[in-house]
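Topology and contacts: notes
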Amino acid sequence: MSLSQHLPALQVVLPLISAPLAVLLRRGALAFTIVTAAAWAAFAIAIALWLQVAADGTISYHIGNWQPPWGIEYRIDRLNSFVLVLVAGIAAVVLPYSRASIEREIPRESHYLFYAMLGLCFTGLLGITITGDAFNLFVFLEISSLSTYVLIALGRDRRALTASYQYLIMGSIGATFIVIAIGLLYLMTGTLNLADMASKLSAIKSTRPVLAALAFFTVGVSLKAAIFPLHQWLPNAYTYASSAVSALLAATATKVTLYALIRFYFTIFGETMVFKSLPLPEIMLVLSLFAMFVANFVAIFQSNLKRLFAYSSVGQIGYITLGLSFDSVSGLSASIMHLFNHGVAKGAIFLFIGAIVANLTSRSGMPPAPTFERLAGLARQMPLTCFGVVIGGLSLIGVPGTAGFITKWYLILAAVEQGQWWVVGAILLSSLLAVAYVWRFVEVAWFRAPPAGSTLRGEASWALLIPAYALLGATLWFGFDTSFTLGSALAAAHQLMPFSR
Amino acid sequence: MNANHLILAILLLPLGGALAMVLAGRWPNLRETVTVLTAVLLFGGVIQLLDPVLGGLRPELELLAPIPGLPIAFRVEPLGMIFALIASGLWIVNSLYSIGYMRKNNEAHQTRFYVCFALAIGAALGIAFSANLLTLFLFYEVLTLITYPLVTHSGTEQARKGGRVYLAILMGTSMLFLLPAIVYTWHAAGTTDFRPGGILPADLAPATVAVLLALFMFGIGKAALMPFHRWLPAAMVAPTPVSALLHAVAVVKAGVFSVLKVVVYVFGLDILAGTTDWLIGISCFTIIAASVVALNADNLKRRLAYSTVSQLSYIVLGAAVLAPLSVVGAALHIAAHAFGKITLFFAAGSIYTAAHKTEVSQLDGIGREMPWTMCAFTVGALSLIGIPPFVGFLSKWYLMSGALAAERYGVAAVILVSTLLNVAYFLPIIHRAFFRPARDDAHHHSGHGEAPLPMVIAIVLTASATLVAFIFPDIFLNLARGVAQGGAS
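One structure accompanies this document, and this report is about it. Just so we're clear, the structure is a prediction, and the values are computed from it rather than from any experiment. (Residues numbered from 1 in each chain as written. Chains lettered and ligands numbered in written order. Predicted model: local features only at pLDDT ≥ 70, side-chain atom pairs only at ≥ 80, totals over all residues.)

When you go through chain A residue by residue, the secondary structure sums to 21 helices and 2 strands. Its C-alpha radius of gyration of 21 Å places chain A within 12% of the 23 Å reference for a compact globule of 501 residues. Along the first, second and third principal axes, the C-alpha set of chain A runs to 70 × 55 × 40 Å. The buried share of chain A, taken over its 501 residues, is 60%. The contacts of chain A with a sequence gap of at least 6 include a subset with a gap of at least 24, amounting to 79%. (Helix = DSSP H or I, 4+ residues; strand = E, 2+ residues; numbered from the N terminus. Rg over C-alpha atoms; globule rule 2.2 N^0.38 Å. Buried ≥ 20, exposed ≤ 12 C-beta atoms within 10 Å, placed from the backbone. Contact = placed C-beta atoms within 7 Å.)

Written as structure tokens, this is what we have:
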């Protein structure tokens, strides 16, 4: 058997091995090299898998050659091959960035632990995405969650500990709900393989345990994915985590859980059960609108830049769930595409904020919060960084020429197709809220005079700027050439909703 | 090089020029040379397209398609040609003027200024050549964003506030109204291409057509139709070269250009019949109301800004009347107003530069200090009033003929009344400048003379253009007739 046939296993195994190796080596630089190499390899594998799926269709890989449904199956179709590229790509960018960014943010003696946890975190995320086994999915969810708790707690700011604890409690409740849902499904079908489960469920769809499983799963995932109003943990977690971790979480963690939601809704429960026989679309529509307006509105009044963009994430997740609620190919494509488009744009923004934080931090001191008082007149010192934040912000607004615009177009199209003009208005109005919070930053950075005794030291180092601009470039690139993003999303949507046009 | 490659070259040239300006930023002389050179090359490129377009060719260029079936594409047709000619041609003159203005007034961040300026012109040409609504929308938004640093150039509190109004209205209207209109057009017609005779299906309900038209007309905030006109006076906080080329020519013309494009090539004059009465009403109201505000504005730039708001609605009105002659008038007025209004803004900037005066009431006797400037101002004003032998007469003539041909006598009356209002707000300035004695007190000092030479040259050039375009109107007239033919299917 050639190596290329084992790519699905290697996708997870390589990062998984890198984590204990990093701990064994105990040296920051070596640990960095190992985990970064694993991340880059994972990225290459994800691209190879995407190409393979695009060319030859769904891949089914049997771990240890155990036939499903008894063994664990890795099943890669258009949807998760696309998400894999996002997760691995973000990891491949964030890792080189993290070396320069954690220099001042995390005590040197725990650097190797940081890299090990980072490796475990994206192992977990990749695992959730690639697996075709319900229990395996839960295991990877826990791997990524536990490592995330540690990563957040590693921040020097002591409030990171409470943020991490808050996330731990909420995340554990969410995980419990998810495992209950999986248990109920196992009870009813006697299988953990997702494909097998789907075929067995079709006969017993409206039984009470299955409905209960749907409810438990939805609530559990809503907690993990920070779907309004279960988003309370997110702003603190993003705000107090170190810069690289904020970027990784913002770009991938919630996106992967949303992937799991789409997977369970469309592949296992089935579109008709979730959207046609239950009032779920209505509930989802209302909650999405709340997220889009409340979270974006709250974002405008934040004084901490990280917290501002954290609330913006809650609002953007609202767009993703809004797309689902339309129950149409256009809407679903918009959702799937926005996983990627928002991940890349928000990742870039948090990387730029990391560059600002690094600049504010003195060599021995604690990283100060990037509040607007400290950012006054920042554009004079860091024009490239500030420019980057604004361009990333334009994608959040959905200005044409950025990836965010493509999503917005499809969201509006989905609403127009159903004649829901008031939803069109809501989407557009909420995007104007994004103009408000992005321009708040513009006015502070460009028009206010720098505070007295500013400790800023010029532009950020290239080690931070290059990864950030790489993601920013992707945001612009996918605003014009959408053959990868839109192509994947449309193909995935058609695969998930084969009976719609 | 064939015409299709030429389009690409024209669009990339301002980008390349901007890059070169960044690199040359430390050497002002080199940087300004690059600016003028880019402008000249750009105009040369646009001129190259003129013959093919007049000859009936429609050079095309298609780039990537961000949405399947909906590419970023360009197609040069007569209306775009008019817009591109005036935007690129006046950029040369304006660059000359900017050099004098920015140096004499010791403005900061001059590199940023020239770079954003070049990119704004590039975006305006993108709008001019766009082949579909998506491309138009892309460059429309880019133009808004790239002119924001120019509007807020001074960085003062007033600039920040002006920038807020500017961005809020232009972004707000385009996002809230224009974008859904475009998406709906795509949904209903399956295309957003600009095609002679329009693209909307003929069986669209009249109510839908009316709502869609409203979304487009108010969505194109750059056309400054009331009540979404306030961004234009707010933008006057910018340095005067910006007000002159961008907020009398490139940006506002991008607005009315888009209005004409949408009316002629998306709706087509046929499908709109009977649905434009409200639009005629609003544009007439804008014409009169803005003129009245201009009448009472003492600040010279503010008076000119409201005059622009009023004049822009002539073009919207010409489109709304739906008569081929009025469409010719509207297309022609894009050029006519550009030449006249840029001259007036140049004069305002020269007065500020030489005499540090900004209010109309301070201008007593300034004609003797600055004869060239004020003569040019007079020429520009006469052209805008619509007096021969200046080009403003021609466009008003066609607008009037169109209104009469369509038997819309109310519209003709509004044009007449507004002409009187034009006289009322321009003549007092000329009267003060030439016929009142100069006052000598703390705010008024004499002996400042003319503004720097490049500025005087620029203003004389644009003033002469109003005359030349009257004597040789064929180019613009032929292009404008081409537009009107495109309207009927």
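To continue, consider the overall build of chain B. In terms of helices and strands, chain B carries 19 helices and 2 strands. The C-alpha radius of gyration computed for chain B amounts to 21 Å, which stays within 12% of the reference 23 Å derived for 489 residues, consistent with globular compactness. A burial count over chain B gives 61% of its 489 residues as buried. For chain B, long-range pairs separated by at least 24 residues make up 81% of all intrachain contacts whose partners lie at least 6 apart in sequence.

Another aspect to go through is the interface of chain B and chain A. Each partner contributes residues to the interface: chain B has 19 residues there, and chain A has 22 residues. When contributions to the side of chain B that touches chain A are tallied by element, the ones reaching two or more residues are helix H5 (133-151) and helix H6 (157-189) of chain B. Top contributing element to the side of chain B that touches chain A by residue count: H6(B), with 11 residues. Considering only residue class, the side of chain B that touches chain A consists of 14 nonpolar, 3 polar and 2 charged. (Nonpolar A, V, L, I, M, F, W, Y, C, P; charged D, E, K, R; others polar.)

Residue and element names in this part refer to chain A. Put simply, helix H2 (residues 28-56) and helix H3 (residues 78-105) touch, their axes get as near as 8 Å, and they point 155° apart. Between H2 and H3, the angle is such that the two are roughly antiparallel. When the axes of H2 and H3 are compared, the crossing they make is left-handed. Touching Phe-32, Val-35, Thr-36, Ala-39, Trp-40, Ala-42, Phe-43, Ala-46, Ile-47, Leu-49, Trp-50 and Val-53 of H2 are Arg-78, Ser-81, Phe-82, Leu-84, Val-85, Ala-88, Gly-89, Ala-91, Ala-92, Leu-95, Pro-96 and Arg-99, all from H3. (Axes fitted to C-alpha atoms, helices over the stretch in contact; angles between N-to-C directions. Parallel < 35°, antiparallel > 145°, perpendicular 65-115°, else oblique. Left-handed = near helix turned anticlockwise from the far one by under 90°.)

Residues and elements named next belong to chain A. Its location among the elements puts Ser-101 in helix H3. According to the C-beta neighbour criterion, Ser-101 is buried, with 28 such atoms within 10 Å. Through-space distance from the C-alpha of Ser-101 to that of Thr-162 is 22 Å; in sequence the pair is 61 residues apart. Those residues in contact with Ser-101, other than ones at most four positions away along the chain, are Ser-242, Ser-243, Ala-244, Gly-354, Ala-358 and Leu-464.

Next up on the list: unusual backbone geometry. Residues and elements named next belong to chain A. The amide bond that connects Pro-68 to the next residue, Pro-69, takes the cis arrangement and shows omega of 10°. Structurally, Pro-69 is set in the loop between strand E1 (59-62) and strand E2 (73-76). Phi is positive for Arg-26, which is not a glycine, with a value near 60°. By the element assignment, Arg-26 lies in the loop between helix H1 (7-25) and H2. Even without glycine at this site, Ala-226 takes up a positive phi of about 60°. Relative to the assigned elements, Ala-226 resides in the loop between helix H8 (208-224) and helix H9 (233-240).

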